[in-house]
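Listed below are the residues making up each chain.
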Amino acid sequence: MGLSYNVYLNGHKIYGCKNCKAHLANHEDIISRNFRGQHGKAFLFNGVVNVTAGDASERNMTTGRHIVRDIACRQCSQTVGWKYDKAFEGNEKYKEGKFILEAELLCNVT
């Protein structure tokens, strides 16, 4: 097992972990701002960095049944959102492989 280094993003607006400020996502990677999480407003991202994914679990959400994994900041282990592994509804398939980050758990790094 080697050392794991944090990825540092470049861009005009970078979202980081509110707890430790580790870079998580670039503003340009937002697909949609029209999501809700446990803590309120959430964003759907195409990709994120510096996170670890938990075990997959099936959840019934407002948009239907999905298989998701909670994602946590790799640096401080704070849960910051989830990843969609599978959507069972045809019109929700676009979420597969995408990530939700909850706005309340983020900060602006740059």
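Residues numbered from 1 in each chain as written. Predicted model: local features only at pLDDT ≥ 70, side-chain atom pairs only at ≥ 80, totals over all residues. Heavy atoms only, no water.

**Details of the overall build of the chain**
Along the backbone of the chain there are zero helices and ten strands. In the chain, the succession of α and β elements from N to C terminus is β-β-β-β-β-β-β-β-β-β. Once the C-alpha set of the chain is aligned to its principal axes, its extents read approximately 35 × 35 × 20 Å. Counting over 110 residues, the chain shows a buried share of 37%. Sequence separation of 24 or more characterises 45% of the internal contacts of the chain that already satisfy a separation of 6 or more. Carbon and sulfur atoms provide 45% of the accessible area of the chain, an area that totals close to 6400 Å². (Helix = DSSP H or I, 4+ residues; strand = E, 2+ residues; numbered from the N terminus. Buried < 20%, exposed > 50% of the residue type's maximum accessible area, 1.4 Å probe, protein only. Contact = heavy atoms within 4.5 Å. Areas by Shrake-Rupley, 256 points an atom, 1.4 Å probe, with all protein chains shown as cover.)

**Section: the packing of aromatic side chains**
Taken as a whole and judged by the stated rule, the model has four aromatic pairs. On the numbers, 6.3 Å between centres and 80° between planes, the contact of Phe43 with Phe45 is edge-to-face. Residue Phe43 is classed as buried on the basis of its relative accessible area, which comes to 7%. Considering the side-chain rings of Trp82 and Tyr84, the 6.3 Å spacing of their centres and the 75° angle between planes classify their relative orientation as edge-to-face. (Phe/Tyr/Trp six-rings, centres within 6.5 Å; stacked < 30°, edge-to-face > 60°.)

**Section: the UniProt feature "domain: Yippee" (unreviewed entry) in the chain**
The positions that UniProt labels "domain: Yippee" (unreviewed entry) are, in the present scheme, residues 13-110. For residues 13-110, helix accounts for 0% and strand for 57%, while the C-alpha atoms at its two ends are 5 Å apart. (UniProt positions renumbered as here; feature names shortened; annotations may be inferred.)

**Here's the deal with the pairing of strand 2 (residues 23-26)**
Within a regular strand, side chains alternate between the sheet's two faces. Alignment of strand 1 (residues 14-17) against strand 2, held across three bridges, turns out to be antiparallel. Among the inter-strand pairings, Gly16 is bridged to a residue of strand 2, identified as His23. Connecting the antiparallel pair strand 1 and strand 2 is a turn made up of five residues, with Lys21 showing a positive phi of about 70°. (Pairing = 2+ DSSP bridges.)

**Examining the pattern of salt bridges**
Counted by the stated rule, this structure contains six salt bridges. Where Glu104 meets Lys18, a salt bridge forms, and the shortest distance between an N and an O atom there is 3.1 Å. Here Lys18 lies in the loop between strand 1 and strand 2 and Glu104 lies in the loop between strand 9 (99-102) and strand 10 (106-108), a separation of 86 residues in the sequence. Given a relative accessible area of 42%, Lys18 falls into the partly exposed group. Across the pair Lys95 and Glu92 runs a salt bridge, and its minimum N-O distance is 2.5 Å. (Salt bridge = Lys/Arg side-chain N within 4 Å of Asp/Glu carboxyl O.)

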